[in-house]
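# A look at the structure
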Amino acid sequence: AAVGGERPQIVSHVQQALSYTVFDCKWVPRSARLLCLGSAARGTGVLQLYELHGARLELLREIEKPKPIKCGTFGATSLQQRYLATGDFDGNLNIWNLEAPEIPVYSVKGHKEIINSIDGVGGLGIGEGAPEIVTGSRDGTVKVWDPRQNDTPVANMEPVQGESKRDCWTVAFGNAYNQEERVVCAGYDNGDIKLFDLKTMSLRWETNIKNGVCSVEFDRKDINMNKLVVTSLEGKFHVFDMRTQHPTKGFASVSEKVQKSTIWQVRHLPQNRDIFMTSGGSGSLHLWKYEYPAQRSKKDSEGSEMGVAGSVSILQNVTLSTQPISSLDWSPDKKGLCVCGAFDQTVRVLIVTKLNKI
């Protein structure tokens, strides 16, 4: 794809050692600030707010919480408020005002067990419709919350009677391009992927990739479903073309084997939906580009439309740590600026160069 010197480089800009296990890190929208969320050695939760000053990170605030914090999102808040929603090890969904983070502005005991994953939509001026938060938990349920309503979820996707409960590892919103449409994709420890349509409150599609699903993300939340990347426990990821759903075959996909270790997360570059980064159990990051096929759909022998998958090429990869890189977040405002947290108790700010050349 990119030739010689034109290839993007992944440069480690700042490294910050932490005194706790970091599970998630997030850029604060419209700022040079970032958050690290995790678990202290004594089993409490940690929330740290840093500001990037040139080549160093300044700690602005550190707050301890009763339970370890697993995941966070700004996706359901306004740009004015920039409230952070978090899921913790006790199944609590909390929303914090970072200016006064002592007491949550919203709190609900959302799940019986740990909240593994959280996503938000309808905030930050992205996407149409109400602000909503989705949580996926070890208790097997996926719940959608409207923070303007009290303790009850607006949707609850749980195993049907007699079906064994699976650990939900990852959730993501998509298809929020108007006031009515919205989907949630959820991935589970047994390789199940389920697509819930929130407009019709039904299961729209499901498949199984035979390996635990670590991360799912649509290339954009606020457009007609376009592409979905799914990463797995066994070093493989799949890109589904979500434009055309075949009545029996579902969505076309292409898969790529990266390494033997887990692919913990995938994050699309906010400024270019065809570029995405995956983070791995071997402490590595891989930068990818998706190429569309000449035609994205074709007719099968019955005359039904079916999707055609494109191809994936690697732009760059780098190994930063001996431990898994478990979280990853692109800056929504500055192209190529990225933060990642690893189990070596380090947060790293990265700069990915030459992204405008691709």
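Residues numbered from 1 in each chain as written. Predicted model: local features only at pLDDT ≥ 70, side-chain atom pairs only at ≥ 80, totals over all residues. Heavy atoms only, no water.

### Observations regarding the overall build of the chain
Within the chain, the secondary structure is distributed over zero helices and 30 strands. What you see for the chain is a C-alpha radius of gyration of 19 Å, in line with the 21 Å of a compact globule of 358 residues. Once the C-alpha set of the chain is aligned to its principal axes, its extents read approximately 60 × 55 × 35 Å. When the 358 residues of the chain are sorted by exposure, 56% land in the buried category. Nonlocal contacts in the chain, meaning residues at least 24 apart in sequence, comprise 50% of its contacts between residues at least 6 apart. When the accessible surface of the chain is summed, it comes to about 14,900 Å², and 45% of that surface belongs to carbon and sulfur atoms. Side-chain charges in the chain split into 42 positive and 40 negative, and the spacing between the mean points of these groups amounts to 4 Å. (Helix = DSSP H or I, 4+ residues; strand = E, 2+ residues; numbered from the N terminus. Rg over C-alpha atoms; globule rule 2.2 N^0.38 Å. Buried < 20%, exposed > 50% of the residue type's maximum accessible area, 1.4 Å probe, protein only. Contact = heavy atoms within 4.5 Å. Areas by Shrake-Rupley, 256 points an atom, 1.4 Å probe, with all protein chains shown as cover. Lys, Arg positive; Asp, Glu negative; His and termini not counted. Charge placed at Lys NZ, Arg CZ, Asp CG, Glu CD.)

### Re a positive patch on the surface
Taken together, Lys 210, Lys 236, Lys 257 and Lys 260 make up a surface patch of like positive charges. Topologically, Lys 236 is positioned in strand β20 (residues 236-246). Overall, Lys 236 belongs to the partly exposed group, its relative accessible area being 34%. (Patch = residues over 30% accessible without salt bridge, like charges linked within 9 Å, V, L, I, M, F, W, Y side chains within 5 Å. Salt bridge = Lys/Arg side-chain N within 4 Å of Asp/Glu carboxyl O.)

### Observations concerning unusual backbone geometry
Look at Arg 82: it is not a glycine, yet its phi comes out positive at around 50°. Of note, Arg 82 is situated in the loop between β6 (69-73) and β7 (84-88). Positioned with a positive phi, Met 201 is a non-glycine residue whose angle comes to about 50°. Turning to its location among the elements, Met 201 is positioned in the loop between β16 (192-197) and β17 (202-208).

### A word on the side chain of Ser 284
By secondary structure assignment, the location of Ser 284 is in strand β24 (residues 284-291). Those residues within four positions of Ser 284 in sequence are excluded, and the remaining contacts are Gln 259, Thr 278, Ser 279, Val 318, Thr 319 and Ile 325.

### With respect to the UniProt feature "repeat: WD" (unreviewed entry) in the chain
Look at the UniProt record and you will see "repeat: WD" (unreviewed entry) annotated at residues 133-155. The span residues 133-155 shows a helical share of 0% and a strand share of 43%, and its end C-alpha atoms are spaced 10 Å apart. (UniProt positions renumbered as here; feature names shortened; annotations may be inferred.)

### A closer look at the pattern of salt bridges
Scanning the entire structure with this criterion turns up 20 salt bridges. Note that Arg 166 and Asp 189 form a salt bridge whose closest N and O atoms lie 3.2 Å from each other. Here the residue Arg 166 occupies a position in the loop between β13 (155-157) and β14 (168-174), and Asp 189 occupies one in the loop between β15 (183-188) and β16, the gap between them amounting to 23 residues. Arg 267 serves as the salt-bridge partner of Glu 217, at 3.7 Å between the closest nitrogen and oxygen. With Glu 217 in strand β18 (residues 213-218) and Arg 267 in strand β22 (residues 263-269), the pair connects residues that are 50 residues apart, well separated along the chain.

### Describing the sheet that holds β20
Overall, antiparallel pairing links the four strands, which are arranged β18-β19-β20-β21 in an open sheet. Every interior strand has two partners, whereas the edge strands, β18 and β21 (250-257), have only one. Looking at each pair of strands side by side, their axes are set apart by 20° on average, direction ignored. As judged from the five bridges shared by strand β19 (residues 227-232) and β20, these two strands associate in the antiparallel manner. Residue pairing for β20: Thr 231 is matched across the bridge by Phe 237. (Pairing = 2+ DSSP bridges. Axes fitted to C-alpha atoms, helices over the stretch in contact; angles between N-to-C directions.)

### Details of the sheet that holds β16
Sheet architecture is open: four strands sit in the order β14-β15-β16-β17, paired in antiparallel fashion. At either margin of the open sheet sits one strand with a lone partner, and together these are β14 and β17. On average, adjacent strands in this sheet sit at an angle of 15° to one another, irrespective of strand direction. Examined bridge by bridge, β15 and β16 share five bridges and lie antiparallel to one another. Residue pairing across strands places Val 184 opposite Phe 196, the latter belonging to β16.

### Considerations on the packing of aromatic side chains
Per the counting criterion, the structure on display carries eight aromatic pairs. With 5.5 Å between their ring centres and 90° between their planes, Phe 237 and Phe 276 make a pair best called edge-to-face. Linking Phe 237 in strand β20 with Phe 276 in strand β23 (residues 272-280), this pair joins segments that are 39 residues apart in sequence. Of the two residues, Phe 237 and Phe 276, neither departs from the other in class, the shared state being buried. Ring centres of Trp 264 and Phe 343 lie 5.2 Å apart, and the angle between their planes is 85°; this geometry places the pair in the edge-to-face category. Pair noted here: Trp 264 is in strand β22 and Phe 343 is in the loop between β29 (337-342) and β30 (346-352), with a separation of 79 residues, a long-range link. For Trp 264, a relative accessible area of 28% puts it in the partly exposed group. What makes Phe 343 partly exposed here is its relative accessible area of 27%. (Phe/Tyr/Trp six-rings, centres within 6.5 Å; stacked < 30°, edge-to-face > 60°.)

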